[in-house]
Amino acid sequence: MITIDGGTGVIMNNGVEVASEKMVDEWRTNANKEYSSGVSTIDEYWERNDQNFALIGKSMTESSGIFSFPITGIYLVRAQINFYSNGGARAYQGCLLEATYDNSTYVSIGGNYASVGDTNYYTGSAAYCVFDVTDTSTHKVRLRTNLPGTATVQGSSGYQRTAIHFTRLGST
């Protein structure tokens, strides 16, 4: 039986939500930046994808590498980092997704690593997670690197090299 919740307006079919608000947004870095060893937030050169992409629904906002959600809900968050190893072999190059639930303390919610065997090589690493945003003022995400030495994070204004993608899957 199809019903509409009188308080929220959510359309249900036998108790299962069937028509949640849709939202898809993509961002990327548009320039290269060298990062040194350790964990660093990718906090510069972000832009919304404007090539072969159209925003669906409300948009994410970004400030210094921190992404804020426009509405509550369950989100699929996918990220990728393209590295150029200009300082020799690297045992690991990490793509880390971190989230805050209190607008202060960040925790890991997804991550992956790649390695490169020599200098002047490209490699990529991707991570994804499902994130339940119950409060848009406190629930945010950021993308970070983890490196044993210097590497350049590759950006492009023409396609997704280092990028983050958000899809709202349904209501929380």
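Residues numbered from 1 in each chain as written. Predicted model: local features only at pLDDT ≥ 70, side-chain atom pairs only at ≥ 80, totals over all residues. Heavy atoms only, no water.

1. Overview of the overall build of the protein
Tallying secondary structure elements over the protein gives 0 helices and 16 strands in all. Considering only C-alpha atoms, the protein reaches an extent of 60 × 35 × 25 Å along its principal axes. By the burial criterion, 44% of the 172 residues in the protein qualify as buried. At a minimum sequence separation of 6, the contacts of the protein that also span at least 24 residues come to 70%. When the accessible area of the protein is evaluated, it comes to approximately 8300 Å², of which 47% is carbon and sulfur surface. (Helix = DSSP H or I, 4+ residues; strand = E, 2+ residues; numbered from the N terminus. Buried < 20%, exposed > 50% of the residue type's maximum accessible area, 1.4 Å probe, protein only. Contact = heavy atoms within 4.5 Å. Areas by Shrake-Rupley, 256 points an atom, 1.4 Å probe, with all protein chains shown as cover.)

2. What about the side chain of threonine 152?
Looking at the secondary structure, you find threonine 152 in strand E15 (residues 151–153). Of the residues examined, threonine 152 reaches a relative accessible area of 10% and is grouped as buried. If near-sequence neighbours (up to four positions away) are discounted, threonine 152 is found in contact with Asn32, Lys33, Glu34, Asn82, Phe83, Tyr84 and Asn86.

3. Examining the pairing of strand E14 (residues 140–147)
As a general feature of sheets, a regular strand has side chains that alternate between the two faces. In terms of burial, E14 is a largely internal element, 8 of the 8 residues being buried. Here E14 shows two buried faces, one formed by Lys140, Arg142, Arg144 and Asn146 and the other by Val141, Leu143, Thr145 and Leu147. Pairing of strand E6 (residues 38–41) with E14 involves 4 bridges; the strand directions are antiparallel. Within the sheet, the bridge partner assigned to serine 40 lies in E14 and is threonine 145. One ladder, built from 3 bridges, connects strand E9 (residues 66–68) with E14; its direction is antiparallel. Pairing of isoleucine 66 across the sheet is with arginine 142, part of E14. Bridging between strand E11 (residues 90–100) and E14 involves 7 bridges; their strand directions are antiparallel. Bridge pairing links glycine 94 to asparagine 146 in E14. (Pairing = 2+ DSSP bridges.)

4. Points about a nonpolar patch on the surface
The grouping of Ile2, Ile4, Ile11, Val16 and Val18 at the surface amounts to a nonpolar patch, some 470 Å² of accessible area in total. Considering the arrangement of structural elements, one finds valine 18 in the loop between strand E3 (16–17) and strand E4 (24–29). (Patch = residues over 30% accessible without salt bridge, like charges linked within 9 Å, V, L, I, M, F, W, Y side chains within 5 Å. Salt bridge = Lys/Arg side-chain N within 4 Å of Asp/Glu carboxyl O.)

5. Quick word on the nonpolar core
Among the nonpolar cores identified, the biggest contains 28 residues, and Phe67, Phe69, Val77, Leu97, Leu143, Ile164 and Phe166 are the most heavily contacted of them. Only strand E10 (73–85), E11, strand E13 (121–133), E14, E15 and strand E16 (163–170) provide two or more residues apiece to this core. The dominant element in this core, judged by the number of residues it contributes, is E10, at 5 residues. Among residues more than four places away in sequence, those in contact with leucine 97 are Val77, Ala79, Val107, Ser108, Ile109, Gly110, Ala127, Tyr128, Cys129, Arg142, Leu143 and Ile164. (Core = buried A, V, L, I, M, F, W, Y, C linked by side-chain atoms within 4.5 Å.)

6. Digging into the sheet that holds strand E2 (residues 11–13)
Strand order in this open sheet of 3 strands is E1-E2-E3, and the pairing throughout is antiparallel. Two strands close off the open sheet at either side, each with one partner strand: strand E1 (2–4) and E3. Direction of pairing for E1 relative to E2: antiparallel, over a ladder of 3 bridges. When the bridges of E2 are listed, isoleucine 4 appears paired with isoleucine 11.

7. Details of the packing of aromatic side chains
All chains considered together, the criterion is met by 9 aromatic pairs. Their ring planes at 85° and their centres at 5.1 Å tell us that tryptophan 46 and phenylalanine 67 sit as a pair that is edge-to-face. Of the two residues, tryptophan 46 is situated in strand E7 (residues 46–48) and phenylalanine 67 in strand E9; the sequence distance between them amounts to 21 residues. In this structure, tryptophan 46 and phenylalanine 67 share a single accessibility class: buried. A ring pair is formed by phenylalanine 69 and phenylalanine 131, whose centres lie 5.6 Å apart and whose planes are at 50°; its orientation type is tilted. Taken together, the residues span a long stretch of sequence, with phenylalanine 69 in the loop between E9 and E10 and phenylalanine 131 in strand E13 at a distance of 62 residues. For the pair formed by phenylalanine 69 and phenylalanine 131, the shared burial category is buried. Taken together, the aromatic side chains of Trp27, Trp46, Phe67, Phe69, Tyr75, Tyr101, Phe131 and Phe166 make up a single cluster linked through ring pairs. In this structure, arginine 142 packs its charged tip against the face of tyrosine 106, placed 3.8 Å from the ring centre. (Phe/Tyr/Trp six-rings, centres within 6.5 Å; stacked < 30°, edge-to-face > 60°. Lys NZ or Arg CZ within 6 Å of the ring centre and 35° of its normal.)

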